[in-house]
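# Coordinates in review
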Amino acid sequence: MTRILMVCLGNICRSPMADGLLRRKVKENKLDVFVDSAGTANYHSGSKPDERMCLTAKNNQTPIDDLKARQFTTSDFDNFDVIYAMDSENYKNILKLSNTEENKKKVKLFLNELYPAENQGVPDPYYGTLADFQSVYDLLDKATDVVLTKIKNGTIR
Ligand code: 4NP
């Protein structure tokens, strides 16, 4: 089983949406993949995703109301094969917690799957409008499609 972790700052906007999208797609494709998400910060631990992200998710047939925020921990390095950071700040903060080369290799910038080597980040919609949440959804939908194809090809690593 492949285990994939999505990570952002608060684990209430970007990473739960990436998590929900990939969970839905692996389920639809009956793939043996475990998906979860976490935040590098603990401000929102135990909370449901942001209500604007939940609304956008529901409007796009990918509900995420059942998810709960948690903070990233060093044990995630042992429990996951691939750790996707939503932006470069999160990427740096995850790398700071890794203490082996093997762990460091698991950490990737998520949008490099969609736009290879561009090191783009998923924009943080927290202080934005509902339209910004939809843009984030659209971006995550495209990027999770690429990840899904890699899972099917056996080229996820
Ligand atoms: P996320 O968005 O990292 O995509 O979950 C944020 C959520 C909360 C905050 C910042 C970003 N905050 O400052 O509380």
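Before reading further, recall that the structure is shown in the block above.
Numbering of residues begins from 1 in every chain and follows the order in which that chain's sequence is written. This being a predicted model, a pLDDT of at least 70 is required before a residue's local features are given, and a value of 80 or more before pairs of side-chain atoms are given or counted; all residues contribute to the totals for chains, interfaces and linings. Excluded from the side-chain calculations are hydrogens and water; all other atoms, namely the structure's heavy atoms, are used.

## Considering the site of the ligand
Taken together, C8, L9, G10, N11, I12, C13, R14, Y43, H44, D124, Y126 and Y127 make up all the residues around the ligand. I12 places a main-chain nitrogen or oxygen 3.0 Å from an oxygen atom of the ligand. Whenever a nitrogen or oxygen atom comes within 3.5 Å of another N or O atom, the pair is scored as a polar contact, on the condition that within protein one atom can donate a hydrogen and the other can accept it, and that pairs from neighbouring residues in sequence are kept only if both atoms are in side chains. In the environment of the ligand, an oxygen atom lies 3.3 Å from a nitrogen or oxygen atom belonging to the side chain of D124. Out of a free accessible area of 350 Å², the ligand has 91% covered by protein chains. Classifying every residue of the shell around the ligand by side-chain character gives seven nonpolar, three polar and two charged. Nearness is defined per residue: one heavy atom within 4 Å of the molecule or strand is enough. Areas reported as accessible are Shrake-Rupley estimates using a 1.4 Å probe. Residue values count occlusion only from the protein chains shown. Each residue gets one label: Ala, Val, Leu, Ile, Met, Phe, Trp, Tyr, Cys and Pro are nonpolar, Asp, Glu, Lys and Arg are charged, and the others, such as Gly, are polar.

## Observations concerning the sheet that holds strand β4 (residues 107-109)
Strand pairing is defined by DSSP finding a minimum of two bridges between the two strands. Runs of E in the DSSP output that reach at least two residues are strands. Runs of H or I that reach at least four are helices, and both are numbered from the N terminus. What the four strands build is an open sheet, ordered β2-β1-β3-β4; its pairing is parallel. In this open sheet, the two edge strands, each paired with only one partner strand, are β2 (33-39) and β4. Across the sheet, the mean angle from the axis of one strand to that of its neighbour is 25°, orientation sign disregarded. In this structure, strand β3 (residues 82-85) lies alongside β4, joined through three bridges in parallel fashion. To obtain each axis, a line is fitted to C-alpha atoms, and for helices this fit is confined to the stretch in contact; angles are then taken between N-to-C directions over 0 to 180 degrees.

## A look at the side chain of S98
Tracing the backbone through its elements, the reader meets S98 in the loop between α4 (88-97) and α5 (101-106). Throughout, a contact is declared for two residues whenever any of their heavy atoms are within 4.5 Å. Residues within four places of S98 in sequence aside, it is in contact with F77, N103 and K104.

## A word on the packing of aromatic side chains
Here a ring pair, both rings aromatic, is described through the centre-centre distance and the interplanar angle of the planes. The aromatic pairing rule takes the rings of Phe, Tyr and Trp, using the six-membered ring of Trp, and pairs them if the centres are within 6.5 Å, calling planes under 30 degrees apart stacked, those over 60 edge-to-face and the rest tilted. One pass over the full model with this rule turns up four aromatic pairs. Residues F72 and F77 carry aromatic rings whose centres are separated by 5.3 Å and whose planes lie at 80° to one another, so their mutual orientation is edge-to-face. Exposure categories follow from relative accessible area, calculated using a 1.4 Å probe and restricted to protein chains: below 20% of the type maximum is buried, above 50% is exposed, and the middle band is partly exposed. By relative accessible area, F72 is classed as buried at 6%. A residue is classified by how much of its surface remains accessible, and F77, at 1% relative accessible area, is buried. Consider the rings of Y84 and F110, whose centres lie 5.1 Å apart with planes at 65°: the pair is edge-to-face. In this pair, Y84 sits in strand β3 while F110 sits in the loop between β4 and α6 (130-153), placing the two residues 26 residues apart along the sequence.

## Description of the pattern of salt bridges
Whenever a carboxyl oxygen of Asp or Glu lies within 4 Å of a side-chain nitrogen of Lys or Arg, that contact is scored as a salt bridge. Counted according to the given criterion, the structure contains 12 salt bridges. Across the pair D87 and R14 runs a salt bridge, and its minimum N-O distance is 2.9 Å. Within this pair, whereas D87 is found in the loop between β3 and α4, its partner R14 is found in helix α1 (residues 14-28), the two being separated by 73 residues in sequence. Across the pair, R14 and D87 agree in class, each one buried.

## What about unusual backbone geometry?
It is generally the case that most residues other than glycine have a negative phi and that most peptide bonds are trans. Its identity as a non-glycine residue notwithstanding, Q61 has a phi of 55°, on the positive side. Structurally, Q61 can be placed in the loop between α2 (51-59) and α3 (76-79). Even without being a glycine, A117 presents a positive backbone phi close to 65°. The topology assignment puts A117 in the loop between β4 and α6.

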